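Structure at a glance
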Amino acid sequence: MHSEPVPAPAPDLAPEPVLLTIGAVAERTGLPVKLIRHWSDLGIAPPADRTEAGYRRYGPEAVARLDLARTLRDLGLGLSTIRDVLDRERDLPEVAAVHADALEARIRTLRLRQAVLRSVARRGADAAELTALDELVRMSAAEREAIVRAFVAEALGDVGTSSFGQGLLAALPELPADPTAEQVDAWCELSALVRDPALVAALRRMAEYAAGHAPADASTAHAPTAGNGAEDGHGAGAGAGSQAQNGSRDGDGSQAEDRSQAEAAERLTDAWVRRVSAAMDGGLAPDSPAADAVVTAVVAEWLPLQSGTPGAPDRDGPAARARLLEQLEMAADARAERYWQLVCVINGLPVRPSLAPAGAWLITALRTNPTPGARATALEALYDGDAAPGAPEPPGTGLVDAFASVLAEVERLVTAVGPDRFGDPTPCANWDVRALLDHLVWENLIWAGLAEGSPPTDHGADHLGADPLAAFRAAASATMTAFRRPGMLERRYGPAPGRRLVEQLLIEMLVHGWDLAMATGQRPGFAEETVEAVLPSVREIYGALPRTPGGSFAPEAPVPDESSATDRLAAFLGRRVVRTP
């Protein structure tokens, strides 16, 4: 009996993978069926098979590919790049690094757009400003730099290779990746400013001046520094420009020398601004004799920086003062100063407050004293020319009596001013009515103090208190007491006789009384004969003073025909007189 043969054991066969429908893949990945179908067509997760009816079937690897694809897509990668990574045609770390760089650029753009939108919201920008801001967002850093470089090249022309030009190029504005709204505002303002032909012309003048006054030894040429603009490192106006340049230089070789010179010029600026600001805070007029002491100190600090320059002065005198004045006036350009301030804001550097007020004061003081002691010498000659200790007085009254009548009229004007007018503007620049009232009180206090030998020093204090009229009356009473002392008119106060003190304050009360009347809608009622009598002295004392922005008086203004003596006085001292019906 034959037995059945035993079949050989079948070889081990791997089980066929379980294929998934597109619905099952969607359930496992959380992706929509429509998206899976689209990505499948692009080769990101191709089907492993199809049924006889044409339906897609996916292997388990499709789920893993789709999960990774979704992660990469969320990070912003393109579908073709994702496919290359999944097919191992591109290395994932390499792709991640490239994409991270691209993402960083995108983040910078978004941050810039955020700052722009905040700027628009804060400033209430109009359509034109919005267009300019949108242009800023679309520009690359290289494009922004090209705008400024083109401006600098136009401004410098054939002196662009000088140290002045190198300094400008060393301090180009660079908008940070994450700018503040203030930096965006600064860039927008700067982009308009660099298109201003007046700024181009101003920088060209400064460049030519710096090139013409550079040291003979080129190795010691100083980079430009800026004051109310920009100037050679030997100048007196270092400011925002030197700050901008110092913040952008390396510390080796000639650049270290440039930085050293810029820092020296900036220290000089700090010194003279401190001196001038103290004088201004103390109420010292730049066209007064006492201002010469400030000029003398500034010149002494400035002279060492002139060493090595062509024709450098070695001592205080007309030549030194003329050059310092020339440098200050060359630097006194508001557009150039604003350019440097904006560069500092954009580059995140500290911005020096404007030098314009202090610069105008020092320019006026130099013009008043082109030689040491010039103003004091002129006044001494004037006083020495007085015919007698008691000089001519207004007809029919004594000088002090005439002054008393002027004070009485000013008191009438002050009495009519209520608190509701304190904030109104006046013909005196930067003074409202309250400040003008305070000045009227202060002038009486200071001149009474001078007459008594103890002038007050609290110029910056509030001299009005809660009752301006009472303050004026008290100060006026003190003045009259001092002026009526026996022998006061003949007594010498320095080189001046006492009558000149009375005359000086009389003029102050006339002109500032006129200011108060104009500011508050009143008519000044000063006696015509008193004003006519004092007009020659006004021209004699003030006629030669510089009529500069920093001075006590604006240029003489035209006056309508048949104007009163008071109006003619006001016009001579720079007030605009308007005919009233």
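Preceding this paragraph is the structure being described.
Residues numbered from 1 in each chain as written. Predicted model: local features only at pLDDT ≥ 70, side-chain atom pairs only at ≥ 80, totals over all residues. Heavy atoms only, no water.

**Concerning the sheet that holds strand β1 (residues 20-21)**
Strand pairs in the sheet, formed through backbone hydrogen bonds, run parallel or antiparallel to each other. Threshold: Strand pairing requires that DSSP identify at least two bridges connecting the strands. Under the scheme used here, helices are H or I runs from DSSP no shorter than 4 residues and strands are E runs no shorter than 2 residues, and both carry numbers assigned from the N terminus.
The strand order across the open sheet formed by three strands is β1-β3-β2, and the pairing between neighbours is antiparallel. Both edges of this open sheet fall to β1 and β2 (49-50), since each of them pairs with a single strand only. The pairing of β1 with strand β3 (residues 56-58) spans two bridges and is classified as antiparallel. What sits directly across from leucine 20, in β3, is tyrosine 58.

**Here's the deal with the pattern of salt bridges**
The condition that has to hold: By salt bridge we mean one thing: a side-chain nitrogen of Lys or Arg within 4 Å of a carboxyl oxygen of Asp or Glu. The cut-offs for exposure are 20% and 50% of the maximum accessible area for each residue type, with area from a 1.4 Å probe on protein chains only; residues under the lower value are buried, those over the upper are exposed, and the others partly exposed.
All chains considered together, the criterion is met by 24 salt bridges. Here aspartate 462 ties to arginine 434 by a salt bridge, and the two come within 3.2 Å at their closest N and O atoms. With aspartate 462 in the loop between α19 (433-452) and α20 (468-483) and arginine 434 in helix α19, this residue pair connects regions lying 28 residues apart in the sequence. Taking the relative accessible area as the measure of exposure, arginine 434 reaches 26% and is therefore partly exposed. Residue glutamate 503 is joined to arginine 500 by a salt bridge in which the shortest nitrogen-to-oxygen separation is 2.8 Å. On the criterion of helical spacing, the pair formed by glutamate 503 and arginine 500 is a turn pair, its members being three residues apart in helix α21 (residues 498-519). The exposure classification of glutamate 503 matches that of arginine 500, with both residues buried.

**A few points about the nonpolar core**
The criterion, for reference: Joining through side-chain atoms within 4.5 Å is the link that ties buried Ala, Val, Leu, Ile, Met, Phe, Trp, Tyr and Cys residues into a set, and such a set is a nonpolar core. Any pair of residues with heavy atoms lying within 4.5 Å of one another is described as a contacting pair.
Ranked by internal contacts, the top residues of the largest apolar core, which has 61 residues, are Phe403, Leu437, Phe472, Phe483, Met509 and Leu516. Secondary-structure elements contributing two or more residues to this core are α17 (374-384), α18 (399-415), α19, α20, α21, α22 (528-542) and α23 (565-572). No other element matches α21, which puts eleven residues into this core. Those residues in contact with phenylalanine 483 that lie beyond four places of it in its chain are Val400, Phe403, Trp447, Ala451, Met488, Leu501, Val502 and Leu505. Formed by 30 residues, the second largest nonpolar core is a distinct cluster that contains Ala186, Trp187, Ala202 and Ile346.

**Topic: the environment of tryptophan 361**
Heads up, the rule is: We define a polar contact as two N or O atoms separated by no more than 3.5 Å, with the added condition that, inside protein, one atom must be a possible hydrogen donor and the other a possible acceptor, whereas residues neighbouring each other in sequence contribute only through side-chain atom pairs.
With respect to the helices, strands and loops of the structure, tryptophan 361 is situated in helix α16 (residues 356-368). In sequence terms tryptophan 361 and alanine 285 are 76 residues apart; their C-alpha atoms lie 8.1 Å from each other. Apart from the residues lying within four places of it in its own chain, the contact partners of tryptophan 361 are Val276, Ala279, Met280, Leu284, Ala285, Pro286, Ala291, Val294 and Gly550. At 3.0 Å, the side chain of tryptophan 361 and the backbone oxygen of leucine 284 are in polar contact.

**What about helix α7 (residues 141-156)?**
So the rule is basically this: The span you would expect from a helix comes to 1.5 Å times its residue count less one. As used here, the arc is the angular range of directions from the helix axis to the C-beta atoms.
The end-to-end C-alpha separation of α7 is 23 Å, in line with the 22 Å expected for 16 residues at 1.5 Å each. For α7, the set of buried residues is Arg144, Val148, Phe151, Val152, Ala155 and Leu156. Mapping the buried residues of α7 onto a view down its axis gives an arc of 125 degrees, with all of them on the same face. Facing away from the buried side of α7, by more than 90 degrees, are the exposed residues Ala142 and Glu154. Just downstream of α7, glycine 157 is the residue with a positive phi angle, here 55 degrees.

**A few points about the side chain of threonine 368**
Checked against the element boundaries, threonine 368 lands in helix α16. The contacts of threonine 368, once residues within four sequence positions are left out, are Pro286, Asp287, Ala374, Arg375, Leu545 and Pro546.

**Considerations on the packing of α20 against α21**
Going by this rule: Note on method: axes are straight lines fitted to C-alpha atoms, helices fitted across the in-contact stretch only, with angles between N-to-C directions ranging 0 to 180 degrees. Each angle is binned into one of four classes, with values under 35 degrees roughly parallel, values over 145 roughly antiparallel, values of 65 to 115 roughly perpendicular, and all other values oblique. The sense of a crossing depends on the near helix, which, turned anticlockwise from the far helix by less than a right angle, makes the crossing left-handed and, turned clockwise, makes it right-handed.
Viewed as axis vectors pointing N to C, α20 and α21 meet at an angle of 155 degrees, and their least axial separation amounts to 11 Å. Comparing the axis directions of α20 and α21 gives the class roughly antiparallel. With respect to the hand of their crossing, α20 and α21 are arranged in left-handed fashion. Between α20 and α21, the residues in contact are Phe472, Thr479 and Phe483 and Leu501, Val502, Leu505 and Met509, respectively.

**Some words on the packing of aromatic side chains**
How we decide: The criterion for an aromatic pair is that two Phe, Tyr or Trp rings (for Trp, the six-membered ring) have centres within 6.5 Å, with stacked assigned to planes under 30 degrees apart, edge-to-face to planes over 60 apart and tilted to the rest. Charge over a ring is defined by NZ of Lys or CZ of Arg lying within 6 Å of the ring centre and within 35 degrees of the ring normal.
Under the criterion given, the structure shown has four aromatic pairs. When the centroid spacing of 5.4 Å and the interplanar angle of 50 degrees are considered together, the rings of phenylalanine 151 and tyrosine 339 count as tilted. With phenylalanine 151 in helix α7 and tyrosine 339 in helix α15 (residues 334-346), this residue pair connects regions lying 188 residues apart in the sequence. Tyrosine 339 shares its class with phenylalanine 151; the two are buried. Ring centres of tyrosine 339 and tryptophan 340 lie 5.4 Å apart, and the angle between their planes is 75 degrees; this geometry places the pair in the edge-to-face category. Taking relative accessible area as the criterion, tyrosine 339 reaches 0% and is therefore assigned buried. Every member of this aromatic cluster is reached through a ring pair, and the members are Phe151, Tyr339 and Trp340. Above the ring of phenylalanine 572, the side-chain terminus of arginine 547 is found at 5.1 Å from the ring centroid.

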